[in-house]
Amino acid sequence: MKNFEYFNPTRIVFGEGSIAQLKDLIPLESRVLMLYGGGSIRKNGVYQQVTDALSKHELFEFGGIEPNPEYATLMKAVELIRENKIDFLLAVGGGSVIDGTKFVAMAALYQGEDPWDIVDQGLASKLKEALPFGTVLTLPATSSEMNNKSVISNHEKCRKKSFASDLIYPKFSILDPTVTYSLPKKQVRNGLVDAYIHVLEQYLTYPVGATMQDRQSEALLMTIHEIALSALEMDPPDYTARANYMWVCSNALNGLVGMGVPQDWATHGIGHALTVLYGLDHAESLAVVLPWLMWYKREQKHDKLLQYGSRVLGQNAEHPAEQIDKTIEALSAFFHSLGMPTTLTAYGLDPDKVAEEMQKQLEDEKFTRGEHRDVTPAAAAEILRLSR
Ligand code: NZQ
Ligand code: ZN
């Protein structure tokens, strides 16, 4: 096991009816800015619950943060914060609203010239202050509610990039499974697949004797297999399945299973560029890469592929190569059973053309990922060519 330092200060308040606790979680003297997305919270009653809970607080609001939050939109929130001397932020939404709020929390106190440098120039880890914020999670998927990461898009620069800082752990996150009842089935599917792939990015590398992290990762993956179909039930939604869906997503990327182990993140890196160039949802962009990356890297990932296949998917065979083939097939079949495509062609995209365009894009980004740092733009192009 590698050396590590673990820190996670986010308070989790979990369960039906927990939004009402907001009134005690945010200091009464705060000037609060509530940030949200395109309006789902107005339709499903979450907006009302939040404003009721904060009726005694001085509350401002900023709506319109889009999926894959845009730098230009977020800078408008920064302006509002400075004008109104806001000192506490509340993100009410999914990963995009929470990630956007994390950026805003840093940018509002940033004195430098160009706040995009926080994302692009690795400045985030060097900054000393950010506004405090909490979250009300409405879409379980990213674990942004319980981690120190944020992913921001900037279409003008043709980029989607992540940054991290311990200053952007939420002070608290409220997880009420009933707020997921209004999610379209597609978003639940996306959340399940995103969380599943978060675990694999941290697990499917090479063995380093991290028995507990391996077993915890396997527990998360097996939980997703066990609850996925019930979590996709819409009519009526199943509380227990939604509660497990919510908590498993938070645990998939809150840092714990990634401690002391090598990590990959090539699928996410390639996926972010696919979202920028072709508009695929985040989880969709991952599912068209991962099975092919597993196949392309089957020698480097040999031991972990066998372990994953046998322990999680129940795939065993006399010959390791056969077991690995069966494992990758079983993973794809699982994604298909959730209604998630695993090929670029399923979106009407030509893999050869995508590979060519993506190689240019990734070269421009100076892309290298993977647990051996060997997923180069050329390797990514080869992986994408297989996605048919
Ligand atoms: O904007 P509104 O109207 O709220 O609608 C949203 C949005 O259209 C809707 N939605 C959210 N909660 C709902 C709801 N609709 C009905 N009922 C509810 N309860 O869902 C749509 C998608 O929301 P979004 O926040 O974009 O989805 P998600 O949570 O999947 O976040 C995706 C973003 O997170 C980044 C992704 O790259 C992407 O930008 N990620 C962040 C990570 C992190 N911070 O650690 C890690 C991830 O790997 C990921 O990269
Ligand atoms: Zn993800």
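Note that the structure is predicted; figures quoted are calculated from it, not measured. (Residues numbered from 1 in each chain as written. Chains lettered and ligands numbered in written order. Predicted model: local features only at pLDDT ≥ 70, side-chain atom pairs only at ≥ 80, totals over all residues. Heavy atoms only, no water.)

**Remarks on the overall build of the chain**
Here is step 1: A count of helical and extended segments in the chain gives 16 helices and eight strands.
Here is step 2: Classification of the 388 residues of the chain by burial places 56% in the buried group.
Here is step 3: Relative to all contacts within the chain whose residues are 6 or more apart in sequence, the contacts with residues 24 or more apart total 78%.
Here is step 4: Roughly 16,100 Å² of accessible area belongs to the chain as shown, and the carbon and sulfur atoms make up 50% of that amount.
Here is step 5: Looking at the chain, you have 37 positive and 49 negative side-chain charges, and the mean spots of the two groups are 2 Å apart. (Helix = DSSP H or I, 4+ residues; strand = E, 2+ residues; numbered from the N terminus. Buried < 20%, exposed > 50% of the residue type's maximum accessible area, 1.4 Å probe, protein only. Contact = heavy atoms within 4.5 Å. Areas by Shrake-Rupley, 256 points an atom, 1.4 Å probe, with all protein chains shown as cover. Lys, Arg positive; Asp, Glu negative; His and termini not counted. Charge placed at Lys NZ, Arg CZ, Asp CG, Glu CD.)

**Things to note about the pattern of salt bridges**
Here is step 1: Counting across every chain of the model gives 17 salt bridges.
Here is step 2: Its salt-bridge partner being Lys 161, residue Asp 120 comes within 3.1 Å of it at the nearest N-O pair. Residue Asp 120 is found in helix H6 (residues 116–120), and its partner Lys 161 is found in strand E7 (residues 159–164); the two are separated by 41 residues along the sequence.
Here is step 3: Residue Asp 120 is classed as partly exposed on the basis of its relative accessible area of 26%.
Here is step 4: Lys 161 gets classed as partly exposed once you look at its relative accessible area, which sits at 27%.
Here is step 5: Residues Lys 304 and Asp 214 are paired through a salt bridge, measuring 3.1 Å at the closest nitrogen-oxygen approach. Highlighted residues: Lys 304 in helix H13 (residues 302–311) and Asp 214 in helix H8 (residues 211–231), separated in sequence by 90 residues.
Here is step 6: In this structure, a network of salt bridges that share partners links the residues Lys 186, Arg 189, Asp 281 and Glu 284. (Salt bridge = Lys/Arg side-chain N within 4 Å of Asp/Glu carboxyl O.)

**Quick word on the coordination of the zinc ion (ligand 2)**
Here is step 1: Note on the zinc ion (ligand 2): its protein donors are Asp 194 (OD), His 198 (NE2), His 268 (NE2) and His 282 (NE2). The metal-donor distances range over 2.0 to 2.2 Å.
Here is step 2: Between consecutive donors of the zinc ion (ligand 2), the numbers of intervening residues give the motif D-x3-H-x69-H-x13-H. On the criterion of helical spacing, the pair formed by Asp 194 and His 198 is a turn pair, its members being four residues apart in helix H7 (residues 185–203). With respect to class, Asp 194 is no different from His 198; both count as buried. (Donors = N, O, S within 2.8 Å, 3.2 Å for Na, K, Ca; no water.)

**Description of helix H14 (residues 320–337)**
Three or four residues apart is the spacing at which side chains of an α-helix point the same way, because the helix has 3.6 residues per turn.
Here is step 1: With 18 residues, H14 extends 25 Å from end C-alpha to end C-alpha; this agrees with the ideal 26 Å at 1.5 Å per step.
Here is step 2: Gly 339 sits one or two residues past H14 and shows a positive phi near 85 degrees. (Expected span 1.5 Å × (residues − 1).)

**Focus: the site of ligand 1**
Here is step 1: In the vicinity of ligand 1 lie 32 residues, with Gly 38, Ser 40, Gly 95, Ser 96 and His 198 positioned nearest.
Here is step 2: The backbone of Lys 149 places a nitrogen or oxygen atom 3.2 Å from a nitrogen atom of ligand 1.
Here is step 3: The protein chains hide 89% of the 970 Å² of surface that ligand 1 would expose on its own.
Here is step 4: Residue assignment for the shell around ligand 1 shows that the elements contributing at least two residues are helix H5 (95–107), strand E6 (149–154), H7 and helix H10 (266–278).
Here is step 5: For the shell around ligand 1, the class distribution of residues is nine nonpolar, 19 polar and four charged. (Near = heavy atom within 4 Å. Polar contact = N/O pair within 3.5 Å; in protein donor to acceptor, adjacent residues only side chain to side chain. Nonpolar A, V, L, I, M, F, W, Y, C, P; charged D, E, K, R; others polar.)

**Section: the packing of aromatic side chains**
Aromatic ring pairs: the centre-centre distance and the angle between the two ring planes describe each pair.
Here is step 1: What the rule picks out here adds up to 11 aromatic pairs.
Here is step 2: Judged by centre distance (5.4 Å) and plane angle (45 degrees), the rings of Tyr 196 and Phe 334 are tilted. Residue Tyr 196 is found in helix H7, and its partner Phe 334 is found in helix H14; the two are separated by 138 residues along the sequence. In terms of burial, Tyr 196 and Phe 334 fall into one category: buried.
Here is step 3: Seen in terms of ring centroids, Tyr 196 and Phe 335 are 5.7 Å apart; in terms of plane orientation they differ by 80 degrees. Their pairing is edge-to-face. Here Tyr 196, found in helix H7, pairs with Phe 335, found in helix H14; they are 139 residues apart in sequence, far enough to count as distant. For the pair shown, Tyr 196 and Phe 335 are each scored as buried.
Here is step 4: Sitting above the plane of the Tyr 47 ring, Arg 42 keeps its charged end 4.1 Å from the centroid.
Here is step 5: The ring centre of Tyr 203 lies 4.6 Å from the NZ or CZ of Lys 304, which sits over that ring. (Phe/Tyr/Trp six-rings, centres within 6.5 Å; stacked < 30°, edge-to-face > 60°. Lys NZ or Arg CZ within 6 Å of the ring centre and 35° of its normal.)

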